[in-house]
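So the chains spell out like this:
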Amino acid sequence: MLEVKNLTKIYEDGTVALRDVSFQVEDGEFLVIIGLSGSGKSTLLRCINRLVEPTEGEILWDGEDITSADPAQLRKIRRQIGMIFQHFNLVKRLSVTSNVLSGRLGYVNPWSSIIHRFPQRDRETAGKALEKVGIADQAHKRADELSGGQQQRVGIARALMQEPRMILADEPVASLDPVLAHTILGYIERMNQESKIMVLCSLHYLDLVQRYATRVIGLREGRIVYRGTREEIRKMTDEEFKEIYGEEAERISAGRREE
Amino acid sequence: MEPIPEIKIKKKKKRRARPKQGSTPKSIVSAPVAAFLSAIIPGLGQVLATQFSRGLLLMAAFFSSSGLLAWRVYLLAHREPTAMAMFSKALGRRPFFVGLVMGSIFLIWLWNIRDAARQTRPERRGGVGIFVLVVFVFFSLGWQISEINPYKAITDLPQALPPLSRVLWPWKAAFTYRTETVKAHANILIGCEDPLPQQPERGPGEPYLKSDPTCGELSRFDENNNVIKGTVLTIEGGNFEPNSEAQIWWVDSLGNEFRPRQEGQYVSVTTDSEGSFKLELVMPYRLTPPSARGRQIHKVEARQVERVGGPIPAEPLRLTISRMIETIFMGMMATIFGIVLAIPISFLAARNLMSGSFITMGIYYITRTILNIVRSIEPLIWALVAVVWVGLGPFAGIIALTIHSVAALGKLYSEAIENIDRGPIEAIQATGANRIQTIMFAVVPQMISPFVSFSIYRWDINVRMSTVIGLVGGGGIGFILVQYIRLLDYRAAGIAVWFIALTVAILDYVSSEIRSRFV
C-alpha cells in the first residue's frame, strides 16, 4: 500500500508544483492522475521514486518512508518501482537488449554491469520480456532505429525487468497515436491484473481514463481537486471536467468517437 | 516662426497616408535643391530626400574614392610642386589607371546629381546603377593599390617554370646511387727539364693513363690577356669501363684538382668497347704561387664514376619522411594532450552543469571567455610564443597546437555536454542504478559519438596545422620545407610538398571515414 501524506514540492525558482497532496493507493489498483500540463502530475510521480526531492511530506510504502531513505535504501526501493516515460527515455545509442537489461541495474553487481556484462539468466529474461511486448525480432537493433510504439514497448520491457511491485507511468501514450495507446496501456493493464502490480499513471484523454482507471485523482495547480472511483469517472460531467482542466478547456475526446 | 513646422508636419502626414505602398517618408527638399546640394556635397541631396543610408553611402564612396585616388597620384608624382603638376605627371605615367578612375569618379558625381533629383520623387526611388559604378571605381583602385599585374604573371612564367616543374615533379632528387670511382693518372712535368717524371706503376688489367709527351708548358696569358696555349698532350687510356664516360681532371703540384675546359666544355671522353680512349688535351692555365719553386709535377687524371647497386633514398627524401612522421606524431600528441585537458575544462564550460549557483555561473562565464580568446588566436601565433618559451623544435609546435586544441575541443565538448538528453539519465536512475552505473549507461553512450568525432576532426586539423607551424620554427615538416625553399632547393621542397599533400589527403579520408562510422 502506498500512502502519500501532505506532499509539497517547491522548486528552487519558487514554483509551487505540489501543495499538500495526500492520497492512498491499495495494492493492485490502477490509479490515474489527470490534470493540465503543468498541474504537477509529473512532479508527483517523480517524487514517489525521488527523481525529484519532495520539499515536505511523507511517502509511505508498506510502512517504509521513501522520503527519508538513504541512498542505498533508495536504490533498493527504486528497483522495485518501474517507470515508463512519455518520451520513452531509452538510451538511443545502445541496443534494444542493452536498454532492456538496464532494468536489472539495481540488482546486478555494479562493477560487472558498467562494462555491460549481465548474468545469463538476466539475458534470458530480457529475451522473454521482449517477446511479451512483441518485439523479440528487434532485439539487436539500436534503440533509435525503432518506431515510437516499439520504443515504448522497450520501455515497458525495461520496467518488467525490474520485477516491479509498482509502475509509475508518466503520460505513457501522449506521444503515440490512439490505436497504439490502447496497445501500450493494454500491456500495463495486464501487468496490473496478472501480477497485481500497483500502477500510477498520468493520462490526458478522458476516454482512456474511463477505460483503464480503477480510481482517479485530478490535479490542478498542485492541489488535488478531484477524487473518483471507476464508476464515478464513467459518469463524469463536463462541469467536473472543467473543474480539473480549467474554465476555458473543452472536453478532450479525441479517441471517444471511435467507441 | 512657429506655424511653419506645424504645416510641414501636417503635409507629411497627409502625403504619407496617401501612397500606402511607400513606407519611406516624403522628401524634405525639392528636386532642384537636392540636385544642387548633391553637386556641392555628393549624397547630401539624397540624405535630405530622406534616403539616409543611400546618401551616406554615396557620400562615403565619393570622398573615399577621391581620397584614395589623390593618394595614388601623390605616390606617382610626389616631387611635383603643385597639385595640377602632380596630376598631369601621374596621368602621364599611368594614363589608363588615373584617367579611368578620374573619369569614373566624375561620372559618379554627375550621376549623383541626377540621382538626388530622382530620389525626391517617391515613385522613382531606388536604382542600383550608380552603385555598380562605385564598385567599379573601387575595383580599379584596388587593382592598382594591390599591385595586380597579370602581364607580369604571364611574361615571368617561363622564369618560374623550372622551379615550378621541380616542385611539381621532384622525384629526381628523391633517389641517389652509391658510386665508385675508377681512376688512373699520368705525371706531367712543367718545363721540360730532365729528368722526366716517373710514371705510376700499374698491374696487369688495371686502368692506366699514358701521356705523350710527359712534360710541357701550361697555358698562359700574355700582357694583353691573350691566351698562349700550352703544350698539347696526347692522352691514351685503357682498361676502363667500356662504353662509358670518363672525366679528365687536372691536379696541380699543390694537390688542387679541377676539371680543365676546352672550348668552354669540361673535357670528357667516352671509352670504346674495350675500355680504351685517346684524346688530345691542351695543358690548362694554372697560376702556381711564386713560393712553389723547384720541379713542378702535375697530374692528368681520368676518372670514371659508376653507379653501384640499385637506387637508395636521397637525403631530402629520408629527411622528409622522418619529418613527416614527426609531424603526424606532433599532431597526435597535441590532440591527446588537448583531449585530456579539454575534458575537465569542458565540464566547467557546460551551462547545464554550471547553472547551480552564482559562483559556478561565474566560473562558467570566465571559462567560456578564456576559451573564446584562446581559440581566436591562431596556432601560428601560439607557436611563436612557444618557440620563445621552449626553443625551436617539435615540442614548441606541440605546445602551440595543444593550447589551441584545448580551447577548440573544450568548446565543442561543452556543447556536447549541454546537448545531453536528461531523459535517459532519469530512466536509468529510476531503475535503482547507482551513480557510476548511471554515468556508464546514460551519460557515456550519449557523449561518445560527439567526443570521438570532434577528437578525430581535431587530429586531422592538428596534423594540417603542424605543417604550417614548422614555418615559424615549431618543428615538423614545415621546418625543413621553409629551409629548402630558402636554399632554392626546389626539388627537395617539392618532395616535402608532395608528402604533405599525400598525408593530408589520406588523413582527411581516414578521419571522415571514422567519423561516419561513429555518428
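Residues numbered from 1 in each chain as written. Chains lettered and ligands numbered in written order. Predicted model: local features only at pLDDT ≥ 70, side-chain atom pairs only at ≥ 80, totals over all residues. Heavy atoms only, no water.

### Let's talk about the overall build of chain A
So, point 1. Counting its secondary structure elements, chain A contains ten helices and ten strands.
So, point 2. Radius of gyration (C-alpha) of chain A: 18 Å, near the 18 Å computed for a compact globule of 259 residues.
So, point 3. With respect to the principal axes defined by its C-alpha atoms, chain A has extents near 55 × 45 × 35 Å.
So, point 4. Scored against the burial criterion, the 259 residues of chain A give a buried share of 53%.
So, point 5. Across chain A, the fraction of contacts at a sequence separation of at least 24, relative to all contacts at a separation of at least 6, is 69%.
So, point 6. For chain A, the computed accessible surface area is about 11700 Å², with 46% contributed by carbon and sulfur atoms.
So, point 7. Across chain A, the 37 positively charged side chains and the 39 negatively charged ones have centroids separated by 6 Å. (Helix = DSSP H or I, 4+ residues; strand = E, 2+ residues; numbered from the N terminus. Rg over C-alpha atoms; globule rule 2.2 N^0.38 Å. Buried < 20%, exposed > 50% of the residue type's maximum accessible area, 1.4 Å probe, protein only. Contact = heavy atoms within 4.5 Å. Areas by Shrake-Rupley, 256 points an atom, 1.4 Å probe, with all protein chains shown as cover. Lys, Arg positive; Asp, Glu negative; His and termini not counted. Charge placed at Lys NZ, Arg CZ, Asp CG, Glu CD.)

### Overview of the interface of chain A and chain B
So, point 1. Between chain A and chain B, the contact holds 29 residues from the first and 22 residues from the second.
So, point 2. Across the chain A/chain B interface, buried area totals approximately 2100 Å², and carbon plus sulfur atoms make up 62% of it.
So, point 3. For chain A, the biggest contributors to the area lost against chain B are A:Arg93, A:Leu105 and A:Ile114; these three give 27% of the whole.
So, point 4. The interface formed by chain A and chain B holds two salt bridges in total.
So, point 5. Between A:Arg46 and B:Glu426 there is a salt bridge; the shortest N-O distance is 2.5 Å.
So, point 6. Taken together, chain A and chain B are joined by six residue pairs in polar contact (both at pLDDT 80 or more).
So, point 7. Those elements that place two or more of their residues in the side of chain A that touches chain B are α2 (71–78), β6 (81–84) and α4 (110–113) of chain A. (Buried area = accessible area lost by both parts, 1.4 Å probe. Salt bridge = Lys/Arg side-chain N within 4 Å of Asp/Glu carboxyl O. Polar contact = N/O pair within 3.5 Å; in protein donor to acceptor, adjacent residues only side chain to side chain.)

### Focus on helix α17 (residues 477–486) of chain B
Because an α-helix packs 3.6 residues into every turn, residues spaced three or four apart end up facing the same way.
All names here are of chain B.
So, point 1. Restricting attention to buried positions, one finds in α17 the residues Ile 477, Gly 478, Ile 480, Leu 481, Val 482 and Tyr 484.
So, point 2. In this structure, the buried residues of α17 make contact with α10 (315–348), α16 (435–469) and α18 (490–518).
So, point 3. One or two positions beyond α17, positive phi appears at Leu 488, with a value near 60°.

### Observations concerning the packing of aromatic side chains
So, point 1. Enumeration according to the criterion identifies twelve aromatic pairs over all chains in this entry.
So, point 2. Ring centres of B:Trp169 and B:Trp498 lie 6.0 Å apart, and the angle between their planes is 85°; on these two criteria the pair is classed as edge-to-face. Taken together, the residues B:Trp169 in the loop between α9 (157–168) and β1 (175–190) and B:Trp498 in helix α18 connect sequence positions 329 residues apart.
So, point 3. For B:Trp498, a relative accessible area of 33% gives the class partly exposed.
So, point 4. The interplanar angle of 70° and the centroid separation of 5.0 Å between the aromatic rings of B:Tyr364 and B:Tyr365 together place this pair among those described as edge-to-face.
So, point 5. Accessibility expressed as a relative area gives 5% for B:Tyr364, which makes it buried.
So, point 6. The structure contains a cluster of three or more aromatic residues connected by ring pairs, namely B:Trp169, B:Trp171 and B:Trp498.
So, point 7. A cation over a ring is seen here: A:Arg104 above A:Tyr107, with NZ or CZ 4.2 Å from the ring centre.
So, point 8. The ring of A:Trp61 is capped by A:Arg165, whose NZ or CZ atom sits 4.6 Å from the centre of that ring. (Phe/Tyr/Trp six-rings, centres within 6.5 Å; stacked < 30°, edge-to-face > 60°. Lys NZ or Arg CZ within 6 Å of the ring centre and 35° of its normal.)

### Some remarks on the environment of A:Pro110
So, point 1. Topologically, A:Pro110 is positioned in helix α4.
So, point 2. Taking the C-alpha atoms as reference points, A:Pro110 and A:Glu145, separated by 35 residues in sequence, lie 28 Å from one another.
So, point 3. In contact with A:Pro110, not counting residues within four places along its chain, are B:Asn434 and B:Gln437.

### Some words on the state of the cysteines
So, point 1. Scanning the entire structure with this criterion turns up one disulfide over all chains.
So, point 2. Two residues, B:Cys192 and B:Cys215, share a disulfide whose sulfurs are 1.8 Å apart. Every disulfide takes its handedness from the sign of the S-S torsion; for B:Cys192 and B:Cys215 that torsion is 105°, giving right-handed. You can see B:Cys192 sitting in the loop between β1 and β2 (208–212) and its partner B:Cys215 sitting in strand β3 (residues 215–216), a full 23 residues away along the chain.
So, point 3. Owing to a relative accessible area of 9%, B:Cys215 belongs among the buried residues under this scheme.
So, point 4. Of all cysteine sulfurs in the structure, the one in A:Cys201 sits closest to A:Cys47, which takes part in no disulfide; the separation is 17 Å.
So, point 5. Since its relative accessible area comes to 0%, A:Cys201 is described here as buried. (Disulfide = S-S within 2.5 Å.)

### Remarks on the pattern of salt bridges
So, point 1. Scanning all chains against the criterion turns up 22 salt bridges over all chains.
So, point 2. Note that A:Arg50 is salt-bridged to A:Glu53, the shortest N-O span being 3.1 Å.
So, point 3. Overall, the relative accessible area of 11% leaves A:Arg50 in the buried class.
So, point 4. Among the salt bridges present, the one from B:Asp460 reaches B:Arg464, with a minimum N-O distance of 3.4 Å. Placement of both B:Asp460 and B:Arg464 in helix α16 is noted, with a separation of four residues, approximately one turn of the helix.
So, point 5. One salt-bridge network, held together by shared partners, links A:Arg46, A:Asp170 and B:Glu426.

### Observations concerning the confidence of the model for chain A
So, point 1. When pLDDT is averaged along chain A, the result is 87, and 94% of the positions lie at 70 or above.
So, point 2. Predicted confidence for residues 250–259 of chain A stays below pLDDT 50, and this span has 19 contacts to residues more than four positions away or in other chains. (pLDDT = per-residue confidence, 0-100.)

### Observations concerning the sheet that holds strand β8 (residues 198–202) of chain A
Residues and elements named next belong to chain A.
So, point 1. Strand order in the open sheet formed by six strands is β6-β7-β8-β3-β9-β10, with mixed pairing between adjacent strands. For this open sheet the edge positions go to β6 and β10 (223–229), each flanked by a neighbour on one side alone. Neighbour-to-neighbour, the strand axes of the sheet open up by a mean angle of 15°, direction not taken into account.
So, point 2. Its contacts with the sheet put helix α7 (residues 178–194) on β3 (30–34), β6, β7 (166–170) and β8, and the angle it makes with β8 is roughly 155°. (Pairing = 2+ DSSP bridges. Axes fitted to C-alpha atoms, helices over the stretch in contact; angles between N-to-C directions.)

### Overview of the packing of helix α14 (residues 394–418) of chain B against α16(B)
Residue and element names in this part refer to chain B.
So, point 1. Contact geometry of α14 with α16 gives a least axis separation of 10 Å together with a crossing angle of 155°. With respect to their mutual orientation, α14 and α16 come out roughly antiparallel. Handedness of the crossing formed by α14 with α16: right-handed. Seen from α14, the contacting residues are Gly 397, Ala 400, Leu 401, His 404, Ser 405, Ala 408, Leu 409, Leu 412, Tyr 413, Ala 416 and Ile 417; seen from α16, they are Met 447, Pro 450, Phe 451, Phe 454, Ser 455, Arg 458, Asn 462, Met 465, Ser 466 and Ile 469.
So, point 2. Along the lines of polarity and charge, the residues of the contact of α14 with α16 split into 14 nonpolar, six polar and one charged. (Parallel < 35°, antiparallel > 145°, perpendicular 65-115°, else oblique. Left-handed = near helix turned anticlockwise from the far one by under 90°. Nonpolar A, V, L, I, M, F, W, Y, C, P; charged D, E, K, R; others polar.)

### Here we look at the pairing of β1(B)
All names here are of chain B.
So, point 1. The pairing of β1 with strand β13 (residues 297–313) spans 15 bridges and is classified as antiparallel. Following the sheet pairing, Thr 181 is matched in β13 by Val 305.
So, point 2. Inspection of the sheet shows β1 paired to β3 by two bridges, in the parallel sense. By the bridge assignment for β3, Leu 189 is matched with Cys 215.

### Focus on the nonpolar core
So, point 1. Formed by 59 residues in total, the largest nonpolar core has its most connected members in A:Val100, A:Ile156 and A:Ile188.
So, point 2. Among the nonpolar cores identified, the runner-up in size contains 32 residues, and A:Val4, A:Val25, A:Ile48 and A:Leu51 belong to it. (Core = buried A, V, L, I, M, F, W, Y, C linked by side-chain atoms within 4.5 Å.)

### Regarding the sheet that holds β2(B)
All names here are of chain B.
So, point 1. Spatial strand order, β2-β6-β12: three strands in an open sheet with antiparallel pairing. Across the chains shown, the open sheet's two edge strands, defined by having one partner strand only, are β2 and β12 (277–282). If you compare each strand with its neighbour and ignore which way they point, the axes differ by 25° on average.
So, point 2. Inspection of the sheet shows strand β6 (residues 232–238) paired to β12 by six bridges, in the antiparallel sense.

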